Amino acid sequence: MPEIFDIVIVGGGPGGLAAGIYGSRSRLKTIILTKGKPGGQASTTQELENYPGFSRGTTGPALMEAMVDHAKSFGTEIVREEVVDLEVEGETKLIKTKSGNEYLAKTVVLAPGAEPRSLNIKGEHGFRGKGVSYCATCDADFFEDLDVVVVGNGDAAVEEAMYLTKFAETVTIIVIHDEGILDCNKASAERAFANPKIKWIWNSVLEEIKGDGLVERVVVKNIKSGELFEMETNGVFFFVGTVPKTEMLKGKIDLNDQGYIITNEEMETSVPGVYAVGDARVKYLRQVVTAAADGAVAAVAAEKYLAEEEGFKERVLNAKEPVMVTFWSPQNESSILAISQLEQVVDEYGGAVKLVKIDTYRNQRVAKRYGVKTIPSVMFFHGGEILDLVTGNLTEEEIKTKIASILKIN
Amino acid sequence: MTEVDKITFEEEVLKAKGFVLVDFWSPKCEPCKELMPGVAALAEKYQGKAKFCKLDAAANKRLSISQKVLGLPTIVIYKDGEKAAEFSKDFAIEDVEAKLKELTS
């Protein structure tokens, strides 16, 4: 029998690592599968100064290394494996990796993250690694005393441009907006405006990248006048947002039109027992701190799911005696009456029949699984099999007839 | 893996007969560090079939640029001193292995 993990986390960024910390700290058997070194996008961000408690001087790689150590200290296993396929429908989920390994899980936390968006500008693809870059920490060294162009004007673009000025002679930021308008936070904007190495081209977009083997020139287009002009540069850095890495989840889990995973407040996806965290999720703010928060929520929700599933198995599916599962809700008056009536009836059989109550306000999963839409409803189980489903209120007589017929069968 | 630099590159790579794989990396490049254990494993596996070298591109900038490498991670496979294959940025170690297999078989 291969081992079954309580939680398999797909992705080792801050969301996955936080889920690992919370999961293994709750003594759940937790494993993180990560394509490369854990840390995610944060580990390629040198300047990271907004994670609470870690102020200026903290680097992305250092913070992520601390998170990795933290997760390991509670017993999270971290394995370098690229997940390529998942089967999530059943009670036990199957996760397949590129190396051909398979992992079994009771719950899955998806933390695939996002990757830099490509604009598909002419020359962008061909000059990758030849002057076109999406990673300042990887490539800034090459551009010492050279000139580079940055495309984008959000937090990442402006902050990475500042980092690039430590190496490059000039950093020219191409901004689509009117002069002075940036999408980034005000603190970064002020520092960038004060930096003498940063030059600005407003109302413009990058049209083409040219060169012979390496980047030599770019064509810039003014969107107001439509005018095109060429400028010499040695490198082009793109920071124009990210796209979620959710291709392999299509058709398996509900995604929105942009490919982000849809979850609720508990990080539950459209599939029971599968959670999603971090940048690949539909959310308002994509930051290290919000990814970590998602991870904590998902691990706690997964823990509750495991407890409920185990409980249902133990009390209903594995019970020796016939079990009546009644679905009720504290907001539904008639379901409350039905429960007290059922309790009285069951008492008369002195343990020959068991009653299990499921509060559908707190746990909708079991009701959904068995297609129970009306409250109150009663399901009859024996030996793990469903014998009957009765919806609506029952009279005492009807209950007794049902029980009698079941006890006779058995 | 042999560490090469601007002094040894010519001898170890460009003048070498057969296949030489060069892993261009730098201490600040996290994706490069992610890749390295995989490259080391390939070096073991392809012992005798290809020589494996690594080059700190940050410390050997001119050399890297002369090899038209201006972004990390980059892996170049040379055959008799000529580029036979090149991987840059978004590639997996499995892609490198597939190419190696093809070239050396």
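Residues numbered from 1 in each chain as written. Chains lettered and ligands numbered in written order. Predicted model: local features only at pLDDT ≥ 70, side-chain atom pairs only at ≥ 80, totals over all residues. Heavy atoms only, no water.

**Student:** Break down the overall build of chain B for me, citing the residues and quoting the values.
**Tutor:** In terms of regular secondary structure, chain B is built from 4 helices and 5 strands. Seen in sequence order, chain B has helices and strands lined up from the N terminus as β-α-β-α-β-α-β-β-α. Over its C-alpha trace chain B gives a radius of gyration of 12 Å, about what one expects of a compact globule, namely 13 Å for 105 residues. Taking the intrachain contacts of chain B between residues at least 6 apart in sequence as the baseline, contacts between residues at least 24 apart amount to 65%. For chain B, the accessible surface area stands at approximately 5,000 Å², while carbon and sulfur atoms represent 50% of it. On chain B, the mean spot of the 17 positive side-chain charges and the mean spot of the 18 negative ones are 4 Å from each other. (Helix = DSSP H or I, 4+ residues; strand = E, 2+ residues; numbered from the N terminus. Rg over C-alpha atoms; globule rule 2.2 N^0.38 Å. Contact = heavy atoms within 4.5 Å. Areas by Shrake-Rupley, 256 points an atom, 1.4 Å probe, with all protein chains shown as cover. Lys, Arg positive; Asp, Glu negative; His and termini not counted. Charge placed at Lys NZ, Arg CZ, Asp CG, Glu CD.)

**Student:** Help me get a handle on the state of the cysteines, residues and values and all.
**Tutor:** Taken as a whole and judged by the stated rule, the model has 2 disulfides over all chains. With its sulfur 2.2 Å from that of its partner, A:C135 forms a disulfide with A:C138. Between A:C135 and A:C138 the disulfide shows an S-S torsion of about 70°. By sign, it is right-handed. Each of the two residues, A:C135 as well as A:C138, counts as buried. Across a sulfur-sulfur distance of 2.2 Å, B:C29 and B:C32 are joined as a disulfide pair. Taking the sign of the torsion about the S-S bond as the criterion, the disulfide between B:C29 and B:C32, at about 80°, is right-handed. Owing to a relative accessible area of 0%, B:C29 belongs among the buried residues under this scheme. According to the relative accessible area criterion, B:C32 is buried, its value standing at 1%. A:C184 carries a free sulfur, and the closest cysteine sulfur to it, the one in A:C135, is 20 Å from it. Cysteine B:C53 is unpaired, with the sulfur of B:C32 as its nearest cysteine sulfur at 16 Å. Look at B:C53 and you get buried, because its relative accessible area is 0%. (Disulfide = S-S within 2.5 Å. Buried < 20%, exposed > 50% of the residue type's maximum accessible area, 1.4 Å probe, protein only.)

**Student:** Could you give me a rundown of the pattern of salt bridges, with the residues and numbers involved?
**Tutor:** Residues and elements named next belong to chain A. Evaluated as defined, the whole model comprises 35 salt bridges over all chains. One salt bridge in this structure joins E49 and R191, with 2.9 Å as the shortest N-O distance. Here the residue E49 occupies a position in the loop between β2 (30–34) and α2 (60–73), and R191 occupies one in helix α5 (residues 186–193), the gap between them amounting to 142 residues. K283 is paired through a salt bridge with D294; the nearest N and O atoms lie 2.8 Å apart. With K283 in the loop between β17 (274–276) and α6 (288–317) and D294 in helix α6, the pair connects residues that are 11 residues apart, well separated along the chain. Side by side, K283 and D294 carry an identical accessibility label, which is buried. A single salt-bridge network, built from bridges that share partners, covers E268, K304, E308, E309, R365 and R369. (Salt bridge = Lys/Arg side-chain N within 4 Å of Asp/Glu carboxyl O.)

**Student:** Now, about the packing of aromatic side chains: what can you tell me, with residues and values included?
**Tutor:** Residues and elements named next belong to chain A. Enumeration over the complete set of coordinates arrives at 14 aromatic pairs over all chains. Ring geometry for F312 against Y370: centres 6.0 Å apart, planes inclined by 35°, an arrangement best described as tilted. Of this pair, F312 sits in helix α6 while Y370 sits in the loop between α8 (365–369) and β20 (377–382), placing them 58 residues apart in sequence. Through successive ring pairs, a cluster of aromatic residues spans F143, F237 and F239. The ring of Y260 has R286 lying over it, and the distance from NZ or CZ to the ring centre is 4.1 Å. (Phe/Tyr/Trp six-rings, centres within 6.5 Å; stacked < 30°, edge-to-face > 60°. Lys NZ or Arg CZ within 6 Å of the ring centre and 35° of its normal.)

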